[in-house]
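Listed below, chain by chain, are the residues.
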Amino acid sequence: MVFNTGAALLDAIVLAVVSRKEEGTYGYKITQDVRKAIDVSESTLYPVLRRLQKGEYLEVYDRQFDGRNRRYYKVTESGKEQLAMYQTEWKNYSKKISALFEGGSLE
């Protein structure tokens, strides 16, 4: 992708991916799902997960899988509110950009 992906957009994408499963999902699966939309490395994604956890938008828990612990991430209530705000902002933003690309007006 030629367009730069800023922190807010990464946060929004990760919250959207994690929110698809009520029980949450694990880090590697999040990486794979995010990569379907944008090119991102695990070394970029894990700081995003930590930032969202620190902001109390994600909660973390461990679950046994094949004899070892797997770290899961789940969207909190405040994370759902943040995601709703991102979705509204994205709709407004993308509508304006699409209008520009299609030769329309921003009014």
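Because the structure is predicted, anything quoted here is derived from the model rather than measured. (Residues numbered from 1 in each chain as written. Predicted model: local features only at pLDDT ≥ 70, side-chain atom pairs only at ≥ 80, totals over all residues. Heavy atoms only, no water.)

Caption draft 1: Geometry of the environment of G27. As for its placement among the helices and strands, G27 is situated in helix α2 (residues 27-35). In this structure, the C-alpha to C-alpha distance between G27 and R70, residues 43 residues apart in sequence, is 8.4 Å. Discounting chain neighbours no more than four positions away, the residues touching G27 are L45, Y46, R71 and Y73. (Helix = DSSP H or I, 4+ residues; strand = E, 2+ residues; numbered from the N terminus. Contact = heavy atoms within 4.5 Å.)

Caption draft 2: Highlighting a nonpolar patch on the surface. On the surface, F3, L100 and F101 cluster together to form a nonpolar patch covering roughly 390 Å² of accessible area. With respect to the helices and strands, the residue F101 is situated in helix α4 (residues 77-101). When its relative accessible area of 67% is taken as the criterion, F101 is described as exposed. (Patch = residues over 30% accessible without salt bridge, like charges linked within 9 Å, V, L, I, M, F, W, Y side chains within 5 Å. Areas by Shrake-Rupley, 256 points an atom, 1.4 Å probe, with all protein chains shown as cover. Salt bridge = Lys/Arg side-chain N within 4 Å of Asp/Glu carboxyl O. Buried < 20%, exposed > 50% of the residue type's maximum accessible area, 1.4 Å probe, protein only.)

Caption draft 3: Spatial organisation of the pairing of strand β2 (residues 58-65). As defined by bridge partners, β2 adjoins strand β3 (residues 68-75) across eight bridges and the pair is classed as antiparallel. Counterpart to V60 in the pairing with β3 is Y73. Hairpin connection from β2 to β3: two residues lie between these consecutive antiparallel strands, with D66 at a positive phi of about 50 degrees. (Pairing = 2+ DSSP bridges.)

Caption draft 4: Up close: the packing of α2 against helix α3 (residues 42-54). Packing of α2 against α3 leaves a shortest axis separation of 10 Å and a crossing angle of 115 degrees. By the angle between their directions, the pair α2 and α3 is classed as roughly perpendicular. With respect to the hand of their crossing, α2 and α3 are arranged in right-handed fashion. Note on element contacts: α3 touches α2 through E42, L45, Y46 and L49, opposite G27, Y28, I30, T31, V34 and R35. (Axes fitted to C-alpha atoms, helices over the stretch in contact; angles between N-to-C directions. Parallel < 35°, antiparallel > 145°, perpendicular 65-115°, else oblique. Left-handed = near helix turned anticlockwise from the far one by under 90°.)

Caption draft 5: Inspection of the packing of helix α1 (residues 7-19) against α3 at higher detail. Put simply, α1 and α3 touch, their axes get as near as 10 Å, and they point 80 degrees apart. One way to sum up the angle between α1 and α3 is to call them roughly perpendicular. The segment α1 lies against α3, with A7, L10, D11, V14 and L15 engaging T44, L45, V48, L49, R51 and L52. For the contact of α1 with α3, a count of residues per class yields eight nonpolar, one polar and two charged. (Nonpolar A, V, L, I, M, F, W, Y, C, P; charged D, E, K, R; others polar.)

Caption draft 6: Spatial organisation of the environment of R50. Examined against the element boundaries, R50 turns out to sit in helix α3. Overall, the relative accessible area of 51% leaves R50 in the exposed class. Between the alpha carbons of R50 and V60 there is a distance of 9.6 Å; along the sequence they are ten residues apart.

Caption draft 7: Just the sheet that holds strand β1 (residues 25-26), in detail. Strand order in the open sheet made by the three strands is β1-β3-β2, with antiparallel pairing throughout. The sheet terminates laterally at β1 and β2, the two strands that pair on one side only. Of the strands in this sheet, β1, β2 and β3 are in contact with α1, which crosses β3 at around 110 degrees. Its contacts with the sheet place α3 against β2 and β3, and it is angled at close to 120 degrees to β2.

The values are spatial; any link to function lies outside them.
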